[in-house]
Amino acid sequence: MITDVQDGIAIKVHGNPAHAHTHGTLCAKVSKYTERTYHPERILHPLKRVGPKGTGQFEQVSWDAALSDIAARLQGIAARDPQAIVPYSYAGTMGLVQAEGMAARFWHKLGASLLDRTICSSAGGEGLVHTLGGKVGMKVEFFAHSQLIIIWGSNSVTSNLHFWRYAQEAKRKGARLICIDPRKTETADKCHEHIQLLPGTDAALALAVMHELIAHNWLDHDYIAQHTLGWDALKVRALQWSPARAAQVCGVSEQQIVALARDYGMSYVQQTPAAIRVNYGMQRVRGGGNAMRAVACLPALIGAWRQPAGGLLLSSSGMFPVDKQALQRPDLLAGKTPRTINMSTIGNDLLRPSSAAFGPQIEALVVYNSNPVAVAPDSSKVAQGFAREDLFTVVLEHFQTDTADYADYILPATTQLEHWDVHLSYGHTDVTLNQPAIAPVGQAKPNTQIFRELAQRMGYTDTCFADSDEAMCRQAFAGQVDFEQLLRDGFASLNVPDAPFAQGGFPTPSGKCEFVSARLQAQGQDGLPDHVPNYESAGSSAQFPLAMISPPARNFLNSTFVNVKTLRDMEGEPLLEIHADDAARRSIRDGQTVRVFNDRGSYHCKAHISPRARAGVVHGMGIWWRKLGLQGTNVNELTSQQLTDMGRGPVFYDCLVEVSGVETQ
Ligand SMILES: Nc1nc2c(c(=O)[nH]1)N[C@H]1C(S)=C(S)[C@@H](COP(=O)(O)OP(=O)(O)OC[C@H]3O[C@@H](n4cnc5c(=O)[nH]c(N)nc54)[C@H](O)[C@@H]3O)O[C@H]1N2
Ligand SMILES: Nc1nc2c(c(=O)[nH]1)N[C@H]1C(S)=C(S)[C@@H](COP(=O)(O)OP(=O)(O)OC[C@H]3O[C@@H](n4cnc5c(=O)[nH]c(N)nc54)[C@H](O)[C@@H]3O)O[C@H]1N2
Ligand SMILES: [Mo]
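Residues numbered from 1 in each chain as written. Chains lettered and ligands numbered in written order. Predicted model: local features only at pLDDT ≥ 70, side-chain atom pairs only at ≥ 80, totals over all residues. Heavy atoms only, no water.

A closer look at the overall build of the protein
Argument step 1. Along its length, the protein carries 23 helices and 26 strands.
Argument step 2. Against the compact-globule benchmark of 26 Å for 665 residues, the protein has a radius of gyration of 25 Å, which places it among compact chains.
Argument step 3. If you line up the protein on its principal axes, its C-alpha atoms span 70 × 65 × 55 Å.
Argument step 4. Within the protein, the fraction of its 665 residues that count as buried is 61%.
Argument step 5. Contacts in the protein between residues at least 24 apart in sequence constitute 77% of all its contacts with a sequence separation of at least 6.
Argument step 6. Roughly 23700 Å² of accessible area belongs to the protein as shown, and the carbon and sulfur atoms make up 50% of that amount.
Argument step 7. Side chains of the protein give 60 positive and 64 negative charges; the mean places of these two sets differ by 1 Å. (Helix = DSSP H or I, 4+ residues; strand = E, 2+ residues; numbered from the N terminus. Rg over C-alpha atoms; globule rule 2.2 N^0.38 Å. Buried < 20%, exposed > 50% of the residue type's maximum accessible area, 1.4 Å probe, protein only. Contact = heavy atoms within 4.5 Å. Areas by Shrake-Rupley, 256 points an atom, 1.4 Å probe, with all protein chains shown as cover. Lys, Arg positive; Asp, Glu negative; His and termini not counted. Charge placed at Lys NZ, Arg CZ, Asp CG, Glu CD.)

Right under this line is the structure:
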């Protein structure tokens, strides 16, 4: 991203045309970054709570007063037990330095609870680790040369524009594109085929594809023999999944499954490259880890990995040689072994008293790069926890979010335009450098600086607390990336082979693609991938007959940008997409206000009778700020704190609801 600056003011941001993957283009929301940076509601100085918890009333205080008081409060709690202090952070910035750089050092030194950062990708990530050995896969640019692209659990047009450009290029060259998604997305519109399965049924579909590959012998026996583990067992499992059986489970036609398998099998017969872009949409259900494993087995069966434009990509992040030891300094724990809090169950955990199993009650929460009151599941519990009068809460933010409303202190943080950072990627394999384009706006400070100054007030004298942000950027890749090149170009490509698994060499314990995982068996899990039904399967409840998913909105980034007017105007208002039959059965009109509800809570929004919804499945779009929605709630009022089969992740898309019209005068 390039920022045009005039007289110290950022005028415009645009994509860097010299960077192959960005190619001069930014997505709709990030192209509004200057509007967000100079937003009239940007927090420009530290704020201290003056009203009751959660009412959002604050007064301006000096940095010195705020940091001294925060340090004193944390020291008081730490003197009893530092584990009563919990950091909470995720995707605001995923830069290695501003996310868990200086902050991690601070928490390690303090001995605070560790945070299990599960809210986005841990189920799929762990599924992939147990199959391919890590978040590794084909290089994203080679999708441009694939002949068959299966986009599985991703609305790429909305959430992964830079991949989508390569898919478009392949399509122009004659590739066939297949989308597998319960919603008829903007991406599905542009694919040749759309398989509109029920949420949480991907493993059944993948196993039925295997069934067909076996039945027709569309198998690369040589690749399977040399580079996979557990084929005989997987074969037995897959043969239990006839297309007819999977069709029942997935809620799609048997013919569609057979055709999918034929397309995939023909890639083997004709030796044309077949690629799967699998993404995190399919792992936000109970069986998310198993689903990812089942899908990740497919390329090995047809030897797709032999070609650069074949194979699979979930995330490329495992290919980056990040030096976490240097950045995060776990050695500062110095023998302490704090407990771990799972960010996906923060609602329950904030409400838990001290106990032998749990440890001390959470007394202080320091939130940065995250808006948990809006994004974490079961948000009425989360809000109830944040509302505890005895909880001391500090929020580092750009804006007064739903979470910041509950803070005791809000500390103004810098944006991407104002600080140093280095980034890895979910998709491509370039390291990128973020150099500040403008001075901090108002009194904002980088997260790193806030933790540096807190460390000083806590009396921490280790030299690592004096490292500058630029120095930390240099430490992040332990000299494995040319920093001078980063300074010059803004990016540097990792040295990744074009077809990394053409000759096997997977980073698993066996070095093979593991159909059977001994590590999973050792955890007491099924060593083979299987279909694990949702906690709340479509059609399993008469009281709550509709399955709800809540995928990202095109013009928001999770809950970021919701307060940027031009983007919010494009999104309109919080919507529930619903099929015409489901609406008719409930006498719901298009545009009518509806109440979406289950045992956990209720959410008011506008109904949108939409061909994007299949019967039985509704879509609560985007992550709106609660306070900008109707009645101060958002879709996470309905989602549960149940966890996935692997990775302890949330099950946002495993959620049953009922919908009723609300009479409006
Ligand atoms: N515009 C925009 N872009 C974003 C984000 C955003 O909020 N807005 N968020 C960013 C972040 S943090 C992430 S993690 C990535 C996520 O990006 P991806 O992992 O690519 O996922 P999404 O596009 O969120 O896709 C979710 C899709 O999965 C579908 N889906 C839901 N349940 C199932 C299921 O059971 N099976 C299958 N096959 N599909 C299912 C949904 O309908 C939706 O279309 O996107 C990033 N990009
Ligand atoms: N129902 C439902 N819920 C979901 C999802 C879903 O699909 N459906 N998606 C989930 C996913 S994939 C994710 S990743 C999570 C994301 O959830 P979060 O990690 O909470 O991400 P955001 O909602 O974008 O909030 C990030 C906050 O960080 C702030 N921020 C940005 N940069 C900085 C910085 O440099 N310093 C500081 N101090 N603050 C900064 C922003 O202003 C913003 O308020 O949400 C999850 N929640
Ligand atoms: Mo995410």
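From this point, the narrative continues.
Concerning the site of ligand 1
Argument step 1. Neighbouring ligand 1 are 31 residues, the closest being Ser159, Asp181, Tyr280, Phe556 and Asn558.
Argument step 2. Between Ile180 and ligand 1, the recorded distance is 3.2 Å, taken from a backbone N or O atom to a nitrogen atom.
Argument step 3. A distance of 3.4 Å separates an oxygen atom of ligand 1 from a polar atom in the backbone of Gly281.
Argument step 4. For ligand 1, whose accessible area on its own is 900 Å², the fraction buried by protein is 95%.
Argument step 5. Class assignment for the residues of the shell around ligand 1 results in 15 nonpolar, 10 polar and six charged. (Near = heavy atom within 4 Å. Polar contact = N/O pair within 3.5 Å; in protein donor to acceptor, adjacent residues only side chain to side chain. Nonpolar A, V, L, I, M, F, W, Y, C, P; charged D, E, K, R; others polar.)

A closer look at the sheet that holds strand S26 (residues 656-661)
The strands making up a sheet associate through hydrogen bonds between their backbones, and the pairing can be parallel or antiparallel.
Argument step 1. With mixed pairing, the six strands of this closed barrel are ordered in space as S21-S25-S22-S24-S23-S26. The mean angle between the axes of side-by-side strands here comes to 45°, regardless of whether they run parallel or antiparallel.
Argument step 2. Pairing of strand S23 (residues 593-598) with S26 involves four bridges; the strand directions are antiparallel. Following the sheet pairing, Arg595 is matched in S26 by Ser660. (Pairing = 2+ DSSP bridges. Axes fitted to C-alpha atoms, helices over the stretch in contact; angles between N-to-C directions.)

Concerning the sheet that holds strand S8 (residues 176-180)
Argument step 1. The sheet built from five strands is open, its strands ordered S9-S8-S7-S11-S12 with parallel pairing. One side of each edge strand has no neighbouring strand; the edge strands of this open sheet are strand S9 (193-195) and strand S12 (311-313). Strand-to-strand twist in this sheet, taken as the mean axis angle between neighbours without regard to direction, amounts to 20°.
Argument step 2. Looking at chain direction, S8 and S9 are connected through three bridges and run parallel.

Notes on the environment of Ser610
Argument step 1. Inspection of the secondary structure assignment puts Ser610 in the loop between strand S24 (601-609) and strand S25 (617-620).
Argument step 2. Remark: the alpha-carbon pair of Ser610 and Gln240, spanning 370 residues in sequence, is separated by 36 Å.
Argument step 3. For Ser610, the contacting residues outside a window of four places in its chain are Glu577, Ile578 and His579.
Argument step 4. Within polar-contact distance, the side chain of Ser610 engages the backbone nitrogen of Arg612 at 2.9 Å.

Structural notes on the packing of helix H8 (residues 202-215) against helix H12 (residues 254-270)
Argument step 1. The interhelical angle for the contact between H8 and H12, taken along N-to-C directions, is 60°, at an axis separation of 9 Å. Taken together, H8 and H12 sit at an angle that is classed as oblique. The hand of the H8/H12 crossing is right-handed. When H8 is examined against H12, the residues Leu205, Ala208, Val209, Glu212 and Leu213 are found in contact with a partner set consisting of Ile257, Val258, Leu260, Ala261, Tyr264 and Gly265. (Parallel < 35°, antiparallel > 145°, perpendicular 65-115°, else oblique. Left-handed = near helix turned anticlockwise from the far one by under 90°.)

Regarding the site of ligand 2
Argument step 1. Taken together, 30 residues lie around ligand 2, and Arg36, Ala91, Glu397, Ser559 and Thr560 are the ones closest in.
Argument step 2. Here an oxygen atom of ligand 2 sits 3.4 Å away from a polar atom, N or O, in the main chain of Thr414.
Argument step 3. The contact in question runs from a nitrogen atom of ligand 2 to an N or O atom on the side chain of Ser550, over 2.9 Å.
Argument step 4. For ligand 2, whose unbound accessible area comes to 930 Å², protein coverage reaches 97%.
Argument step 5. Classifying every residue of the shell around ligand 2 by side-chain character gives 12 nonpolar, 15 polar and three charged.
Argument step 6. Residues lining the shell around ligand 2 come from more than one domain, with at least three contributed by each of domain 2 (42-117 + 331-423 + 430-493) and domain 4 (546-661). (Domains from an automatic or database assignment.)

A look at the side chain of Lys53
Argument step 1. With respect to the helices and strands, the residue Lys53 is situated in the loop between strand S3 (47-49) and strand S4 (58-60).
Argument step 2. Under the relative-accessibility criterion, Lys53 is labelled buried at 9%.
Argument step 3. A polar side-chain atom of Lys53 sits 2.4 Å from the main-chain carbonyl oxygen of Leu391.
Argument step 4. Those residues in contact with Lys53 that lie beyond four places of it in its chain are Phe386, Ala387, Arg388, Glu389, Leu391, Phe392, Thr393, Tyr406 and Asp408.

Quick word on the nonpolar core
Argument step 1. Core analysis: the largest hydrophobic core is formed by 114 residues, its most contacted members being Phe106, Trp107, Trp152, Tyr264, Leu298 and Phe451.
Argument step 2. The greatest single-element share of this core, amounting to 10 residues, is contributed by H8.
Argument step 3. Of the domains in this structure, domain 2 (42-117 + 331-423 + 430-493) and domain 3 (124-317 + 499-522) are the two that each give at least three residues to this core.
Argument step 4. When near neighbours in sequence (up to four residues on either side) are disregarded, Phe451 contacts Met102, Ala103, Phe106, Trp107, Val366, Tyr368 and Leu396.
Argument step 5. By size, the runner-up hydrophobic cluster in this structure holds 35 residues, among which are Ile341, Leu391, Tyr406 and Ile549. (Core = buried A, V, L, I, M, F, W, Y, C linked by side-chain atoms within 4.5 Å.)

Remarks on the state of the cysteines
Argument step 1. For the structure shown, the criterion picks out zero disulfides.
Argument step 2. For Cys297, which is in no disulfide, the shortest distance to another cysteine sulfur is to Cys513 and amounts to 5.4 Å.
Argument step 3. Classification of Cys297 as buried rests on a relative accessible area of 0%.
Argument step 4. Cysteine Cys605 is unpaired, with the sulfur of Cys655 as its nearest cysteine sulfur at 12 Å. (Disulfide = S-S within 2.5 Å.)

Comments concerning the domain arrangement of the protein
Many analyses report the size of an interface as the accessible area lost when the parts associate.
Argument step 1. For the protein, the assigned domains are domain 1 (1-38), domain 2 (42-117 + 331-423 + 430-493), domain 3 (124-317 + 499-522) and domain 4 (546-661).
Argument step 2. Each of domain 2 and domain 4 has a C-alpha centre, and these two points are 29 Å apart.
Argument step 3. Carbon and sulfur atoms supply 44% of the area that domain 2 and domain 4 bury against each other, a total of about 1700 Å² over both sides.
Argument step 4. The three residues of domain 2 that bury the most area against domain 4 are Pro377, Asp378 and Asp402, which together make up 26% of that side's buried surface.
Argument step 5. Counting across the interface, domain 2 meets domain 4 through two salt bridges.
Argument step 6. In this structure, the salt-bridge partner of Arg648 is Asp116, at a minimum N-O distance of 2.5 Å.
Argument step 7. On inspection of domain 2 and its partner domain 4, the count reaches 17 residue pairs in polar contact (both at pLDDT 80 or more).
Argument step 8. At the level of secondary structure, the elements contributing two or more residues to the side of domain 2 that touches domain 4 comprise helix H15 (346-350), helix H16 (372-375) and helix H17 (379-386). (Buried area = accessible area lost by both parts, 1.4 Å probe. Salt bridge = Lys/Arg side-chain N within 4 Å of Asp/Glu carboxyl O.)

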